[in-house]
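# Secondary and tertiary structure notes
One-letter residues, chain by chain:
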Amino acid sequence: MKTIYLDNNATTQVAPEVLETMLPYFSELYGNPSSMHSFGGQVSKTIQHARENVASLIGADPEEIIFTSCGTESDNTAIMSALSVAPDKSHIITSRVEHPAVKVLCEHLTQRGYRVTELPVDRDGRLDMELFENSLSRDTAVVSLMWANNETGVIFPVERAAQLAHERGILFHTDAVQAVGKIPINMRANNIDMLSFSGHKLHAPKGIGVLYIRKGTRFLPFMLGGHQEKGRRGGTENTASIAGLGKACQLAARNVETENTRVKYLRDKLEDELLKSIPNSKVNGDRTNRLPNTTNISFEFIEGEGILLLMDQFNICASSGSACTSGSLQPSHVLRAMGVPFTMAHGSVRFSLSVFNTEDEIDFVINKLPPIIARLREMSPYWKTESPVCGIRDTATQ
Ligand code: PLP
């Protein structure tokens, strides 16, 4: 049975053109780009070419691009650098819905004496900009806000937030891991100082990330070692992955239009049809200001894990908004921050599409999911006792 992969915010398939670009760097082109000989020199040229393609996707200059190992490393590097260059400041502003790559680091930093403001979000996952502005202080060393949320796809007004931080001389970092390649980004048109993203979310391989640092931004490296990346990130370059990422960025620049038309059309069709055919279902997050590929839907009174397991029998891949930790199902911190009610949060599923999905796949899911939900609700004690439509349902099934 064919896999229907609707979990592209978790990771994406490596595009065939990307794989093809990478392969020579595992075989004949294995030179070290730092070597003096021309055998290494040709790999160095590939890295420069990739850097140009990466920069071009986000409207940056190639020198503003640093290759790292992943989004997590880029996020950690950006925040730690901002703190190191402002040793007299001890305040960090972030949000309650950040990815653990930022959230866990900030929690760790509170133990080292930093004061962290985690901005709340409303029911639709939106930031209160007034609250944000009021949180900026003379002691703030860095603001780190995600461009787009990985669970709901909700987009934060990071360019406006960066402008406000900039006016007060505060460094601004954004985790754009889910945004790059899905929405247009032009770093020449904003004041964001640092931006992170990751190859495996845009059809490049895992293990390659990017940290954009605006020219003139004070920076202290996290990875000390060799002179690679102009001394900003030590370690021999992951040449095959860098070449692949360059190709993936070139493809993404071409596909960003498709993301916002065909992929969005498929996402909207999936969402509209499921909401229509499944009672007590609701989209989590601001539907007007969202990534074009993501929908997070709650199916009330059942467990997301159960839905995933039954979908898995049809090789349909998605994610749930709750994680089974030590036997207790805990809804995600994102849905909790949004105040999604318990019975809704537990039954949430994230579908995230890519340019590789087809309409046939979406139709298949639209067809298979309603009976899966009905079957789980049959078994749910909450559905029988609490659902406002259960009376109708019972009548219909008698
Ligand atoms: N930030 C966001 C918003 C993400 O979605 C992810 C990955 O899921 C990361 C950071 C971490 O990226 P990586 O897996 O490359 O470390």
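Before reading on, note that the structure itself is shown above.
Presented here is an overview of the structure given in this document.

Turning our attention to the packing of helix α8 (residues 304-312) against helix α11 (residues 359-379). Following both chains from N to C, one finds α8 and α11 inclined at 130°, their axes separated by 10 Å at the closest point. Considering their axes alone, α8 and α11 lie oblique with respect to each other. Relative to α11, α8 is oriented so that their crossing is right-handed. Contacts from G306, I307, L310 and M311 in α8 reach L369, I372, I373, R375 and L376 in α11. Here the residues of the contact of α8 with α11 sort into seven nonpolar, one polar and one charged.

Note that soluble globular proteins tend to have their nonpolar side chains buried in a common cluster. Core analysis: the biggest nonpolar cluster contains 66 residues, and I58, F67, F132, L145, W147, F172 and L195 have the highest contact counts within it. Considering each element in turn, this core owes the most residues, eight residues, to helix α7 (residues 239-277). The residues that make up this core include at least three from each of domain 1 (4-8 + 256-397) and domain 2 (16-252). Setting aside anything within four residues of it in sequence, one finds F172 in contact with F132, V143, L145, V158, A161, A162, A165, I192, D193 and M194.

Let us look at the sheet that holds strand β5 (residues 140-144). Pairing between the strands of a sheet comes from backbone hydrogen bonds, and it takes one of two forms, parallel or antiparallel. With mixed pairing, seven strands are arranged side by side in an open sheet as β2-β8-β7-β6-β5-β3-β4. Of all the strands in the sheet, just β2 (65-68) and β4 (115-119) have a single pairing partner and so form its edges. Each neighbouring strand pair of the sheet contributes to a mean axis angle of 20°, computed without reference to strand direction. By the bridge criterion, five bridges tie strand β7 (residues 194-198) to strand β8 (residues 209-213) in an arrangement that is antiparallel. Within the sheet, the bridge partner assigned to S198 lies in β8 and is G209. Where helix α6 (residues 158-167) meets the sheet, it contacts β5 and β6 (171-175), and its direction lies at approximately 160° from that of β6.

Moving on: the pattern of salt bridges. If charged atoms from side chains of opposite charge come close, those side chains can pair. Counting across every chain of the model gives 21 salt bridges. When the shortest N-O distance is used, the salt bridge between E107 and K103 registers 3.7 Å. Taken together, the residues E107 and K103, both in helix α4 (residues 100-111) and four residues apart, mark about one turn of the helix. The class for E107 is partly exposed, based on a relative accessible area of 39%. Between D268 and K264 there is a salt bridge, and its shortest N-O distance comes to 3.0 Å. Of this pair, D268 and K264 both sit in helix α7, four residues apart, which is roughly one turn of the helix. Look at the salt bridges and you will find they share partners, linking D61, E63, R188 and K215 into a network.

The residue S348 is located in strand β15 (residues 348-352) in this model. When neighbours within four sequence positions are excluded, S348 is seen to be in contact with N284, N296, I297, S298, G304, S319, S320, G321 and L335.

Turning our attention to the site of the ligand. Surveying the vicinity of the ligand reveals 13 residues, the closest of which are T72, D175, Q178, S198 and K201. One of the backbone N or O atoms of G71 is found 2.8 Å from an oxygen atom in the ligand. With respect to the ligand, the side chain of T72 contributes an N or O atom lying 2.6 Å from an oxygen atom. Contact with the protein chains hides 88% of the accessible area of the ligand, taken as 390 Å² for the molecule alone.

The rules behind each value
- Residues numbered from 1 in each chain as written.
- Predicted model: local features only at pLDDT ≥ 70, side-chain atom pairs only at ≥ 80, totals over all residues.
- Heavy atoms only, no water.
- Axes fitted to C-alpha atoms, helices over the stretch in contact; angles between N-to-C directions.
- Helix = DSSP H or I, 4+ residues; strand = E, 2+ residues; numbered from the N terminus.
- Parallel < 35°, antiparallel > 145°, perpendicular 65-115°, else oblique.
- Left-handed = near helix turned anticlockwise from the far one by under 90°.
- Contact = heavy atoms within 4.5 Å.
- Nonpolar A, V, L, I, M, F, W, Y, C, P; charged D, E, K, R; others polar.
- Core = buried A, V, L, I, M, F, W, Y, C linked by side-chain atoms within 4.5 Å.
- Buried < 20%, exposed > 50% of the residue type's maximum accessible area, 1.4 Å probe, protein only.
- Domains from an automatic or database assignment.
- Pairing = 2+ DSSP bridges.
- Salt bridge = Lys/Arg side-chain N within 4 Å of Asp/Glu carboxyl O.
- Near = heavy atom within 4 Å.
- Polar contact = N/O pair within 3.5 Å; in protein donor to acceptor, adjacent residues only side chain to side chain.
- Areas by Shrake-Rupley, 256 points an atom, 1.4 Å probe, with all protein chains shown as cover.

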